[in-house]
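The chain contents come next:
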Amino acid sequence: MNSNLFQKKHELWLKILFGSFSVKDEALYDTLYDFAMIEYRHLVWLGDELVIEKSAFDYDKNSIDFQAKDNFELFTLIIEALNEIQSIYHDSVMFARFSSDEAYFIEKLTFLLSDSTNNAPITAFDKSRKMEGYALDQTQTDALTLFLFEESYKEYELILVYTYSNFYNDSKLLASIFGDLIHESHFHLKSFARMMSKMGLLSVPRTIMKQVYQFDDLEQFLRDGIKEEEAAKEECLKLAAEVNHEELSAFFNFINFQENYHIALMEKALVYLRENR
Amino acid sequence: MSDREALKDEYIDHMMNPRNYGSMENYSGKGIGKNPNNNELVELYLLLDKDEMIEDIKFQAIGCMSTAVTGSIFTDIVKGESLAEAEDVADEFLKKLAFAPKEERACAEMVAKAFMAAQLNHSNRMKGKDESEYTLHITEDCVVPDEL
């Protein structure tokens, strides 16, 4: 195996994930999102194998080609990427699983392509900065735009950092805590990216620099992480006030309250690390 | 579309599609602009041709969206220009931001300092020094004193 495969898998996960976010139809979005989450699990299994092999790998990526004019163009792009990755798999039970999953994805997407009612234009990148059903003024729109870009990057970063930490972590407690934080970030990323899609602002977050996840001091990372969560809480509260929209404000207050529990989980991890130095 | 809206549209385009983002293996100079008070930094890579024209330029950042957008705009402007012209752009960048909010000044300074550091690294390497990168610290800070 080599690290190039890890990069390809990372890119494939992002292509399907952000492709799913771009689709308006909820049922089609759900199908693609499920495929993307399976690809994320593949990525984790692949990382675990690379750690066992003592092979180096990272989260570097090329630009992700997922912007399509309509659903059918997107499905075709995804099928091409799924076919392409098959050629770099090896013979093993894990790769047989990857291939089997992806053969089904291709079959399902091909089936969807055969019914023209599944096609619709994609407007997730048109920069309209308007959300159907919401009358936001310029100040509200600007506040929401900046928040969504900052936080979608942050959630992507957290998924990758905690996933990377778990590759090298032997503690059941830490694995459980990081696993919970990864789940939470997947939910937050999905929520923010769907809003970005509705506003025509959808984009894949920039590449995470190696220093962010290849660190030596987990305690320091957690201490910094707690400060960042506290800052994120403040941003959510500020945004809820600035947006001043009943439904959106309720959503950001809900996210804000979730950050409290993230801090509690990270503090629990810190206590464990201090007691097990 | 008014100028303000046009500027916003361009800014949003850089947020969605940052230009020249990433690293470079074979570079002429690598510079880091770093905020000493937190983990924020900008890494900037320069590839110069024999006439010191900027053949390629890349940057990556640990920082806020404003830093990424500033790096994207700066590298987009100077790519293909001479080093001297790029220096002028960096100076202009800093002058224009003199009255901007504190956090925006810090972001721009990190990008400009990373560019200056890459030039110094290039110069040192040309003199035969075995130096993989050069680091300069910023003087502005996006953390206001009350928050320290």
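Bear in mind that the values here come from a model prediction, so they are computed numbers and not experimental data. (Residues numbered from 1 in each chain as written. Chains lettered and ligands numbered in written order. Predicted model: local features only at pLDDT ≥ 70, side-chain atom pairs only at ≥ 80, totals over all residues. Heavy atoms only, no water.)

S.K.: I'm lost on the interface of chain A and chain B in this one. Help?
M.R.: As a measure of interface size, the accessible area lost when the parts come together is often cited. Residue-level contacts link 21 residues of chain A with 19 residues of chain B. Surface buried jointly by chain A and chain B totals about 1,700 Å² across both partners, of which 62% is contributed by carbon and sulfur atoms. On the chain A side of the contact with chain B, A:Lys127, A:Arg206 and A:Met209 bury the most area, a combined 40% of that side's loss. At the surface where chain A touches chain B, the tally comes to one salt bridge. As a salt-bridge pair, B:Asp13 and A:Lys127 come within 3.1 Å of each other at their nearest N and O atoms. Taken together, chain A and chain B are joined by six residue pairs in polar contact (both at pLDDT 80 or more). Where the side of chain A that touches chain B is concerned, the elements lending two or more residues are helix 5 (138-167) and helix 7 (210-213) of chain A. Per-element tally for the side of chain A that touches chain B: the top contributor is helix 5 of chain A, with seven residues. When its residues are assigned to classes, the side of chain A that touches chain B shows eight nonpolar, seven polar and six charged. (Contact = heavy atoms within 4.5 Å. Buried area = accessible area lost by both parts, 1.4 Å probe. Salt bridge = Lys/Arg side-chain N within 4 Å of Asp/Glu carboxyl O. Polar contact = N/O pair within 3.5 Å; in protein donor to acceptor, adjacent residues only side chain to side chain. Helix = DSSP H or I, 4+ residues; strand = E, 2+ residues; numbered from the N terminus. Nonpolar A, V, L, I, M, F, W, Y, C, P; charged D, E, K, R; others polar.)

S.K.: What should I look at first to understand unusual backbone geometry in this one?
M.R.: Leave glycine aside and you will find that most residues have negative phi; peptide bonds, for their part, are mostly trans. Residue and element names in this part refer to chain A. With phi around 60°, Lys54 is a residue other than glycine that occupies positive phi space. Along the chain, Lys54 turns up in the loop between helix 2 (26-52) and helix 3 (71-86). In this structure, Lys127 takes a positive phi of about 60° despite not being glycine. Tracing the sequence through the fold places Lys127 in the loop between helix 4 (93-113) and helix 5. Judged by its relative accessible area of 25%, Lys127 is partly exposed. (Buried < 20%, exposed > 50% of the residue type's maximum accessible area, 1.4 Å probe, protein only.)

S.K.: Would you take a moment to explain the packing of helix 2 of chain A against helix 5 of chain A for this structure?
M.R.: The axes of two packed helices give the description: the angle between them and the distance between them. Residue and element names in this part refer to chain A. Where helix 2 contacts helix 5, the axes come no closer than 10 Å and their chain directions differ by 35°. For the pair helix 2 and helix 5, the sense of crossing is right-handed. For the pair helix 2 and helix 5, the contacting residues are Tyr40, Leu43, Val44, Gly47, Asp48 and Val51 in the first and Ile159, Thr163 and Phe167 in the second. Within the contact of helix 2 with helix 5, the residues separate by chemical class into six nonpolar, two polar and one charged. (Axes fitted to C-alpha atoms, helices over the stretch in contact; angles between N-to-C directions. Left-handed = near helix turned anticlockwise from the far one by under 90°.)

S.K.: I keep staring at the pairing of strand 3 (residues 54-62) of chain B and nothing clicks. Help me out?
M.R.: Each regular strand shows side chains that alternate between the opposite faces of the sheet. Residue and element names in this part refer to chain B. Buried residues dominate strand 3, accounting for seven of its nine residues. Judged from the eight bridges that link them, strand 2 (residues 41-48) and strand 3 form a sheet pairing that is antiparallel. Within strand 3, the residue paired with Glu43 across the bridge is Gln60. Between strand 2 and strand 3, which pair antiparallel and follow one another directly, the connecting turn spans five residues, one of which, Glu52, has a positive phi of 60°. (Pairing = 2+ DSSP bridges.)

This is a description of form; function is not addressed.
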